[in-house]
Amino acid sequence: MTEQRTPGMSAAPPTAPAHPDSGSQAVEMDPVEYTLRKRLPRKLPKRRNDVYVNMKTDFRAQLARCQKLLEGGGHREICVHGLGLAINRAINIALQLQASSQGALQLAANTSTVELVDDLEPEDPDEAGEPMTRTRNNSAIHIKVFYPDP
């Protein structure tokens, strides 16, 4: 026997761990009853030559900030960080910096996986639903843009 499905609907409702420590125990979660709130990612230590790229700030402004750090800021290297959707933008910024320096700058890229935490808050606080947290992984890139030693 086959079960009819409507397009875009999954057969099983989404589940989330009741507590972050108990990954084996899954609780039924109705997406209508909970609001998803994404926490900010944990950032690496902030140094003067670190640039965290995002998708909200204008590309040219982020590029100008990097150029200012390299040329006027007295730094021989900067580190461009991108998370998730901003990975492409971080790569583009690094390549634009390298192209505008006529090849004087070199790049060294590292990738990583960052664990993110989301809060699931019940829509109706009067009901018995309690807030839950959910962890997920997201890709990140860290690009070192530097002038090589002469």
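Chains are numbered independently. Their residues run from 1 in the order of the written sequence. Local features in this predicted model are restricted to residues whose pLDDT is 70 or higher, and side-chain atom pairs enter the listing and the counts only when it is 80 or higher, whereas totals over whole chains, interfaces and linings include all residues. Side-chain measures were taken over the full set of non-hydrogen atoms in the model, leaving aside hydrogen atoms and water.

In the annotation of an unreviewed UniProt entry, the chain is listed under the name Ribonuclease P protein subunit p20 and assigned to Salarias fasciatus. UniProt positions are given in the numbering used here, feature names are shortened, and annotations may be inferred rather than shown by experiment. Quoted verbatim from the Function (unreviewed entry) heading of the UniProt record, the comment on the chain is "Component of ribonuclease P, a ribonucleoprotein complex that generates mature tRNA molecules by cleaving their 5'-ends. Also a component of the MRP ribonuclease complex, which cleaves pre-rRNA sequences." UniProt lists a comment for the chain under the heading Sequence similarities (unreviewed entry), and it reads "Belongs to the histone-like Alba family."

> Would you mind showing me how to read the overall build of the chain here?
Counting from the N terminus, the helices are DSSP H or I runs at least four residues long and the strands are E runs at least two residues long. Of regular secondary structure, the chain possesses two helices and seven strands. Ordering the α and β elements of the chain from the N terminus gives β-β-β-β-α-β-α-β-β. Considering the chain as a whole, with its 150 residues, one finds that 28% of them fall into the buried category. Expressed as a percentage of contacts within the chain between residues at least 6 apart in sequence, the contacts between residues at least 24 apart total 70%. Per-residue accessibility, obtained with a 1.4 Å probe over protein chains only, is compared with the maximum for each type, and a residue is labelled buried under 20%, exposed over 50%, and partly exposed between these values. Contact criterion: two residues are considered in contact whenever any of their non-hydrogen atoms come within 4.5 Å of each other.

> Even after reading the chapter, I still don't get the sheet that holds strand S4 (residues 50–53), so can you show me in this structure?
Within a beta sheet, neighbouring strands are joined by backbone hydrogen bonds and run either parallel or antiparallel to one another. The criterion for strand pairing is that DSSP finds at least two bridges linking the strands in question. Spatial strand order, S3-S6-S7-S5-S4: five strands in an open sheet with mixed pairing. The open sheet has two edge strands with one neighbour each: strand S3 (34–38) and S4. Neighbour to neighbour, the strand axes of the sheet diverge by 25° on average, direction disregarded. With four bridges joining them, S4 and strand S5 (residues 77–83) adopt parallel strand pairing. Bridge assignment links Val53 to a residue of S5, and that residue is Gly82. Note on method: axes are straight lines fitted to C-alpha atoms, helices fitted across the in-contact stretch only, with angles between N-to-C directions ranging 0 to 180 degrees. Sitting on the sheet, helix H2 (residues 87–100) touches S4, S5, strand S6 (106–122) and strand S7 (132–146), and the angle it makes with S7 is about 5°.

> Help me understand the packing of aromatic side chains, please; the structure alone is not making it clear to me.
Both the distance between ring centres and the angle between the ring planes are used here to describe each pair of aromatic rings. Any two of the Phe, Tyr and Trp rings considered here, Trp counted by its six-membered ring, make a pair once their centres fall within 6.5 Å; the pair's planes then place it as stacked at under 30 degrees, edge-to-face at over 60, or tilted in between. Throughout the structure, instances matching the rule amount to zero aromatic pairs. In our convention, an over-ring charge means Lys NZ or Arg CZ found within 6 Å of a ring centre and within 35 degrees of that ring's normal. Taking NZ or CZ as reference, Lys144 lies 5.0 Å from the ring centre of Phe146, over its face.

> Just to check I follow, could you spell out the pairing of S7 for this structure?
As a general feature of sheets, a regular strand has side chains that alternate between the two faces. Where S5 lies against S7, seven bridges are found, and the strand directions are antiparallel. Bridging from a neighbouring strand, Ile78 pairs with Val145 of S7. Relative to S7, S6 is paired through 15 bridges, and the arrangement is antiparallel. Residue pairing for S7: Gln106 is matched across the bridge by Phe146.

> Would you take a moment to explain the confidence of the model for the chain for this structure?
For any part of a model where pLDDT is low, the fine detail of the predicted coordinates should not be relied upon. Per-residue confidence from the predictor is given as pLDDT, running between 0 and 100. Per-residue pLDDT for the chain has a mean of 79; in total, 74% of the residues score no lower than 70. Of all helices and strands in the chain, the one with the weakest mean pLDDT is strand S1 (residues 15–17) (46), whereas H2 scores best (95). Counted against residues more than four places away or in other chains, residues 1–26, with its pLDDT under 50, gives 23 contacts.

> Help me understand the side chain of His142 in this model?
Along the chain, the position of His142 falls in strand S7. N or O atoms closer than or at 3.5 Å make up a polar contact, with two conditions inside protein: a donor-capable atom paired with an acceptor-capable one, and, for residues adjacent in sequence, both atoms drawn from side chains. A polar atom in the side chain of His142 sits 3.0 Å from the side chain of Ser112.

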